[in-house]
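Structural features, examined
One letter stands for each residue in the lines below.
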Amino acid sequence: FQSLLHENFAKTDLGELYQSIPFESFAETIPAPAFTKSSLGRKPWFDVKGAIGLLILKHYTGLSDALLIERINTDWAMQLFCGIQLKPGQQIKDINQPSFWRTYIGKHLDIEALQKRAAGYWKPWMQQRGIGMQDATCYESRISFPTDVKLLWQCCNATYLLVQQVRKQNKQRSSRINYDKKKKEFLYYQRTKKKTRRAEKKLRIKLVKLLLKLIHQLEHLQSKYAATLSHKNQKQLRAIVTVYQQQHGKLYGDTTIIKDRIVSLSKPYIRPIVRGKEVRQVEFGAKVNVLQVDGINFIEHLSYDAFNEGTRLQEGIFLQRQLFGKCTHQSADKIYATNANRSYCKKNHIATNFIAKGRQKIRYIEQAAALSKQLNIERGTVLEGSFENEKNHYLLGKIPARNQTTETCWIFFGIFTANAAKISKRIKQQSSSQSRAA
């Protein structure tokens, strides 16, 4: 019965996807949690290998954590994909399993090692391994669009709640600070359809003063009662103090560009990424320089701070050589066409799509133009199209992760799942062509 079950599983879409993933190799890079090694308590539902399958299913199906667990309880193919088999009447009731494993795997995630293992596993189904394409994209985080007024009010509200918490712990009366009046002013401003610069600056000045007053009050309470905040609250308070310094400098100082600007109190690691697009000039999330080889995307550089992707071309070529051993052609946007990158590609005999400088020999002009045109078409359709495919179908549109660790893990598994889906189709086509030839 078990052999028949696995034979039928291999014919399903999930079975085909399963064949394209090196589960055993991936599981070797992530240590098993301590509770899985203990003989005490109930045996965990998933091991590391099953947890990797769980996160891949999350991005493949696009379901919420609760609905994903519900589907696994009723779908035998999903159970086999995760390496488990529930008995009749048995159910997984813990809907936090995907969240827990995302956090755990995120802490031990080695993107470079995993990509190297994946590339080695996928080589038989990748033909044009010497041609690479590079471009940068931003995987946006799910935060409300930040404004100075909104951010200041969030800081004021969070600090006020901390003050009230400390007072309550030490059996003191509530703070008599004029918080309700400022709250009404903020809500009135938010309801105003036409927000003038004068009204905005006036409210910002009031909120900056209120925030400073609340921070001083909290510091006084901590020193008076020797009150200690939790690690989470201490981290939040440090972010609030940084926001105050940045906003105060913007109001009263000569600061025009704020370095390491905080735009979200819940995600202080997020930075504004200026993209200069016609529809959306600024994006908020992780900026990723992506290397694509034969339609498969690899993360070359991931950062939550803005960076110039034009300086990453040589690192991308080095990554391609690490993964596949060679690089003969490279296609990239105009921003990558620096003199240093041109010299490097010429020295290493790598053909590019960059517009040539200076006079060219007549016999090479047509040939170079045809090659450049073809590389531009491939980059503009395949590479940029893959970004939209990942964002629309693999949960990378607006990432709802709560911290930097889980957000990085979310991005990696979203890109990896999109790659695995492409490889599974190639495996299916290859097996079908072999069966027809036989």
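The notes below deal with the structure included here. Model, not experiment: these values are computed from the prediction. (Residues numbered from 1 in each chain as written. Predicted model: local features only at pLDDT ≥ 70, side-chain atom pairs only at ≥ 80, totals over all residues. Heavy atoms only, no water.)

**Some details on the environment of N419**
Within the fold, N419 resides in helix α17 (residues 404-437). N419 gets classed as buried once you look at its relative accessible area, which sits at 2%. Put simply, N419 and V274 are 145 residues apart on the chain and 28 Å apart in space, counted from C-alpha to C-alpha. If sequence neighbours within four positions are ignored, N419 has contacts with W122, I296 and N297. Polar contacts involving the side chain of N419 include one to the main-chain carbonyl oxygen of N297, which spans 2.7 Å. (Helix = DSSP H or I, 4+ residues; strand = E, 2+ residues; numbered from the N terminus. Buried < 20%, exposed > 50% of the residue type's maximum accessible area, 1.4 Å probe, protein only. Contact = heavy atoms within 4.5 Å. Polar contact = N/O pair within 3.5 Å; in protein donor to acceptor, adjacent residues only side chain to side chain.)

**Description of the pairing of strand β3 (residues 282-293)**
The buried fraction of β3 amounts to 11 of the 12 residues, a majority that puts the element mostly inside the structure. Sheet topology note: the strand β1 (residues 131-140)/β3 ladder contains 9 bridges and is antiparallel. Note on β3: the bridge partner recorded for C138 is K287. Where β3 hands over to strand β4 (residues 296-303), the hairpin turn is made up of 2 residues, of which D294 adopts a positive phi near 55°. (Pairing = 2+ DSSP bridges.)

**Focus on empty space enclosed by the protein**
Applying the stated criterion to the full structure yields 1 cavity of 30 Å³ or more. Here the largest cavity defines a volume of roughly 60 Å³. Forming the boundary of the largest cavity are Q115, A118, W122, N297, F298, I299, F412, I415, F416 and N419. Of all the secondary-structure elements, those providing two or more residues to the lining of the largest cavity are α9 (111-122), β4 and α17. (1 Å grid on protein atoms, 1.4 Å probe; cavity = no way out; pocket = protein on both sides within 12 Å on 5 of 7 lines; lining within 4 Å. Points joined across faces, edges and corners; volume = space filled by probe spheres on them.)

**Brief notes about the side chain of H59**
Locating H59 in the fold gives a position in helix α5 (residues 48-61). A relative accessible area of 2% places H59 in the buried class. Contacts of H59, omitting those with residues within four sequence positions, involve H393, Y394, L395, W410, F413, G414 and T417.

**Focus on the layout of surface pockets**
Here the second largest pocket defines a volume of roughly 600 Å³. Around the second largest pocket sit 17 residues that line it, and K232, K235, S266, P268 and R402 are the ones nearest its centre. At the level of secondary structure, the elements contributing two or more residues to the lining of the second largest pocket comprise α13 (231-252) and α17. Looking at the lining of the second largest pocket element by element, the count peaks at 8 residues for α13. Grouping the amino acids of the lining of the second largest pocket by side-chain chemistry returns 5 nonpolar, 8 polar and 4 charged. (Nonpolar A, V, L, I, M, F, W, Y, C, P; charged D, E, K, R; others polar.)

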